[in-house]
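Report on the structure
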Amino acid sequence: MYRCLYLLSLAGLLCTCGPAPDSDTDRRGGVSDRPNIIFIMSDDHAQRAISAYTDELIQTPNLDRIADGGMLFRNSFVTNSICAPSRAAILTGKYSHINGKIDNLSPFDPDQWTFPEALHEAGYRTSLFGKHHLTYVPKGLDEYRALIDQGDYYNPTFIHNGDTLAPTMGYTTRLITDYALEELRRNADGEQPFMMLYWHKAPHRNWMPDTSDLPGLLDKTYPEPANLRDDYAGRPRAEHADMRIADMFVSQDLKVIEEYEPNDPGTGGATFWEGGTERMAQYFYNEIDRLTPEQRAAWKPFLDRVGREWQRVKGTDEELSWRYQRYMQDYLASVKSVDDNVGRVLDYLDESGLAENTIVIYTSDQGFYLGEHGWYDKRFMYEESHRTPLLIKYPPLIEPGTSTDALVLNIDLAPTLLDLAGVPAPEDLQGYSLVPLFEGETPADWRDYIYYRYYQQMNSFHRVARHEGVRGNRYKLIHFTEPGFEGYELYDLQEDPMEMENRIDDPSLTAEKERLQTELREKRRELRVTD
Ligand code: CA
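Criteria and cut-off values
- Residues numbered from 1 in each chain as written.
- Predicted model: local features only at pLDDT ≥ 70, side-chain atom pairs only at ≥ 80, totals over all residues.
- Heavy atoms only, no water.
- Pairing = 2+ DSSP bridges.
- Helix = DSSP H or I, 4+ residues; strand = E, 2+ residues; numbered from the N terminus.
- Axes fitted to C-alpha atoms, helices over the stretch in contact; angles between N-to-C directions.
- 1 Å grid on protein atoms, 1.4 Å probe; cavity = no way out; pocket = protein on both sides within 12 Å on 5 of 7 lines; lining within 4 Å.
- Points joined across faces, edges and corners; volume = space filled by probe spheres on them.
- Buried < 20%, exposed > 50% of the residue type's maximum accessible area, 1.4 Å probe, protein only.
- Domains from an automatic or database assignment.
- Contact = heavy atoms within 4.5 Å.
- Buried area = accessible area lost by both parts, 1.4 Å probe.
- Core = buried A, V, L, I, M, F, W, Y, C linked by side-chain atoms within 4.5 Å.
- Phe/Tyr/Trp six-rings, centres within 6.5 Å; stacked < 30°, edge-to-face > 60°.
- Lys NZ or Arg CZ within 6 Å of the ring centre and 35° of its normal.
- Donors = N, O, S within 2.8 Å, 3.2 Å for Na, K, Ca; no water.
- Tetrahedral: all angles 85-135°; square planar, octahedral: opposite > 155°, others 65-115°.
- pLDDT = per-residue confidence, 0-100.

Our focus in this paragraph is the sheet that holds strand E16 (residues 487-492). Reading across the sheet, the 4 strands line up as E13-E14-E15-E16 and stay open at both edges, with antiparallel pairing between neighbours. The sheet is open, and its two borders are formed by strand E13 (450-454) and E16, each paired with just one other strand. Neighbour-to-neighbour, the strand axes of the sheet open up by a mean angle of 15°, direction not taken into account. By the bridge criterion, 5 bridges tie E13 to strand E14 (residues 467-471) in an arrangement that is antiparallel. Looking at the pairing, Ile450 lines up with Arg471 of E14.

In structure tokens form, the structure reads like this:
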């Protein structure tokens with residue numbers, strides 16, 4: 001009954017074309033013409049680090065509130081697994097080769113269409129708090145406090161509506177949330193609908209936890225993934241990548257200060273960069289130097305114990321396991337703080353009564369390796385970084401506690417939000433509205449395959465070969481195009497979910513291989529990929 005009522009309302013909503021009406025909120029069966037939107041994004045948050053997906057690593061009770069109150073997307077993916085290009089894809093609803101932001105270094109054309117500007121023009125109050133990682137702050141925002149580039153975990157510098165502020169003392173995840181709550185309070189009883197981009201820096205490298213999460217952190221232990229000690233047999237591109245936990249920076253990543261390790265042996269993904277290790281170590285020491293006396297006092301016993309542990313395990317059989325635990329401790333503590341702070345926002349929505357008419361989205365700019373294949377970082381089309389979390393809560397339209405297995409992409413978010421806000425979508429958007437999935441069934445004409453492409457050159461951070469590919473519900477084909485590393489890889493995700501065996505030459509999969517190669521050609525044509 002619940003579902004039928006709201007589907008009738010939805011039918012009305014989907015027929016709403018043209019500019020959004022000027023009238024007050026129209027509650028047809030609880031579905032508003034102009035719902036509020038809170039778009040929460042974190043940075044590098046793997047699905048495996050959200051307990052709504054699996055509780056093997058961490059409990060995230062607040063993120064789970066979004067899933068429990070709405071829909072969990074089990075098969076949610078990105079189009080290009082790296083920070084700034086993923087954000088550009090989300091904002092434009094288009095693949096990297098169309099929006100132009102193909103890697104972290106290429107420019108993003110700030111004059112192109114984005115969904116925040118479209119909602120602003122349709123009468124929404126729009127805002128951004130946190131990290132956007134594009135050279136230019138997205139256009140069409142009424143209010144923003146944006147971190148510069150990657151930002152800092154402690155005492156960050158924000159740009160407030162064009163003005164660069166002095167560093168603000170505090171922990172960045174909390175500060176971003178304070179500003180988001182301030183904006184919500186300003187608009188709680190307003191007539192104008194709002195769309196807020198509440199975008200965290202965490203849990204991006206170098207995973208510096210909040211001081212309140214340091215006590216007891218070094219005593220936590222986590223299960224190692226089965227392929228932490230991957231030998232990369234049959235997968236030369238994976239073998240060549242510089243993103244192994246075994247080679248992490250001992251300084252910036254594992255938090256061993258100079259006093260305990262003056263010569264960091266890590267490559268940290270910077271083998272292409274002469275002097276990179278020394279530069280990144282210095283970056284970490286600068287981060288410690290800029291802590292306030294109180295923050296430094298909280299960190300001191302932690303750093304001393306880490307340093308002593310490093311000296312004990314360095315060069316022993318225990319070293320890799322110790323490195324993995326150190327990585328997980330800091331990464332998951334950074335996630336915990338995101339979860340705690342998202343909880344503050346959800347509490348406010350509940351207390352203020354805004355929750356009923358507010359769409360809450362939680363996603364990340366992509367997934368991340370948490371020790372799978374021995375790695376940290378992202379970039380590859382292998383599952384852990386191809387995937388990204390996606391949770392959507394909107395009580396009038398989405399039945400609580402539902403999930404879908406449909407293949408969805410980050411470029412689907414822009415058309416989804418336009419659809420829900422009754423704003424017409426430009427014809428050239430490449431994503432699909434997710435609204436038809438909200439009823440729980442996947443429409444018969446939903447996509448069967450998704451296209452992926454990673455552009456950054458091999459001779460850059462982490463040495464990941466350029467590639468593209470297609471993924472269906474069971475099989476995945478990756479075509480590596482980097483000179484010297486050309487070739488195909490094929491995985492049966494049902495038989496081999498950790499992607500340890502490249503089956504490209506397996507005669508029993510010839511038909512699948514040909515079908516995937518045809519799909520790849522079709523996707524390239526459909527999506528206007530010309531190189
Ligand atoms: Ca990222």
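So, on to the layout of surface pockets. Size it by volume and the largest pocket reaches roughly 690 Å³. Within this model, the second largest pocket holds a volume of roughly 510 Å³. Lining the second largest pocket we find 20 residues, and of these Arg48, Glu383, Glu384, Arg387 and Pro497 sit closest to its centre.

The element helix H12 (residues 413-421) is extensively covered by neighbouring structure, given that 9 of its 9 residues are classed as buried. Those residues of H12 lying buried are Leu413, Ala414, Pro415, Thr416, Leu417, Leu418, Asp419, Leu420 and Ala421. Where H12 terminates, the next one or two residues include Gly422, which has phi positive at roughly 70°.

The next point concerns the domain arrangement of the chain. According to the domain assignment, the chain contains domain 1 (32-206 + 332-441), domain 2 (215-330) and domain 3 (451-526). On a C-alpha basis, the centroid separation for the pair domain 1 and domain 3 is 28 Å. Domain 1 puts 29 residues into the contact, and the matching count from domain 3 is 27 residues. Regarding the contact of domain 1 and domain 3, the summed buried area is about 2,200 Å², with carbon and sulfur atoms giving 57% of it. Looking only at domain 1, the three residues that lose the most surface to domain 3 are Arg379, Met381 and Tyr382, adding up to 33% of its buried area.

Bringing the nonpolar core into the picture now. Ranked by size, the top nonpolar core spans 97 residues in total, and within it Tyr327 and Tyr331 carry the most contacts. Of the residues forming this core, the biggest block, 15 residues, is contributed by helix H10 (residues 319-352). When residues no more than four places from it in sequence are discounted, the contact partners of Tyr331 are Asp44, His45, Ala46, Ala49, Pro203, Trp207, Phe368 and Leu370. Within the second largest apolar cluster, 46 residues are counted, among which are Phe39, Ile90, Leu397 and Val408.

Our focus in this paragraph is the sheet that holds strand E10 (residues 390-393). The mixed open sheet is built from 10 strands, whose spatial order is E7-E6-E5-E4-E8-E1-E9-E10-E2-E11. Only two strands of the sheet have a single neighbouring strand rather than two, namely strand E7 (163-164) and strand E11 (402-404). Here strand E4 (residues 125-130) pairs with strand E5 (residues 143-147) via 4 bridges, running parallel. Paired with Gly130 across the two strands is Ala146, which belongs to E5. The sheet strands contacting H12 are strand E1 (36-42), strand E9 (358-364) and E10, and the helix crosses E9 at an angle near 180°.

Following the criterion strictly, the structure yields 26 aromatic pairs and no others. With centroids separated by 5.7 Å and ring planes inclined at 65°, the aromatic side chains of Phe39 and Trp199 adopt a geometry described as edge-to-face. Of the two residues, Phe39 sits in strand E1 while Trp199 sits in strand E8 (residues 194-199), which places them 160 residues apart along the sequence. Classification of Trp199 as buried rests on a relative accessible area of 0%. One aromatic cluster is present, built from ring pairs that chain together Tyr232, Tyr369, Trp375, Phe380, Tyr382, Phe480 and Tyr491. One residue, Arg145, lies across the ring of Tyr179, its end atom 4.3 Å from the ring centre.

Attention now moves to the coordination of the calcium ion. Taken together, the protein ligands of the calcium ion are Asp43 (OD), Asp44 (OD), Cys83 (SG), Asp365 (OD), Asp365 (OD) and Gln366 (NE2), with distances of 2.2 to 2.6 Å. Around the calcium ion, the 6 donor atoms sit at angles spanning 53 to 152°, and that spread fits a shape best called irregular. Within one chain, the residues serving as donors to the calcium ion are arranged as D-D-x38-C-x281-D-Q. By the burial criterion, Asp365 is buried, and Gln366 matches it.

This brings us to the pairing of strand E15 (residues 475-480). Consecutive side chains along a regular strand alternate between the two faces of the sheet. Within E15, 6 of the 6 residues are buried, which leaves the element mostly enclosed by the surrounding structure. Neither face of E15 is exposed, since Tyr475, Leu477 and His479 on one face and Lys476, Ile478 and Phe480 on the opposite face are all buried. Both E14 and E15 contribute to a ladder of 5 bridges, which runs antiparallel. In the sheet register, Arg471 faces E15, and the bridge partner there is Lys476. Two strands pair when backbone bridges link them, and E15 and E16 are joined in this way by 6 bridges, in the antiparallel orientation. Residue Tyr475 lies in a different strand from E16, and its bridge partner there is Asp492. Counting the residues that bridge the hairpin from E15 to E16 gives 6 residues, and of these Gly484 lies at a positive phi of roughly 90°.

What follows is about the environment of Asn206. Tracing the sequence through the fold places Asn206 in the loop between E8 and helix H7 (236-240). The spatial distance from the C-alpha of Asn206 to the C-alpha of Ile359 is 31 Å, given a sequence separation of 153 residues. Beyond its immediate stretch of four places on either side in the chain, Asn206 contacts Tyr153, Gln252, Asp253, Lys255 and Phe284.

What follows covers the confidence of the model for the chain. Close inspection of predicted coordinates is inappropriate for parts of the model with low pLDDT. The predicted model of the chain has a mean per-residue pLDDT of 93, with 94% of residues at 70 or higher. Scored below 50 in pLDDT, residues 1-29 shows 46 contacts in the model against residues more than four places distant or in partner chains.

Here the focus is the environment of Asp448. By the secondary structure assignment, Asp448 is in the loop between H12 and E13. Spatially, the C-alpha atom of Asp448 lies 39 Å from that of Arg145, the residues being 303 residues apart in sequence. Those residues in contact with Asp448 that sit more than four places away from it in its chain are Leu407, Arg471, Gly472 and Asn473.

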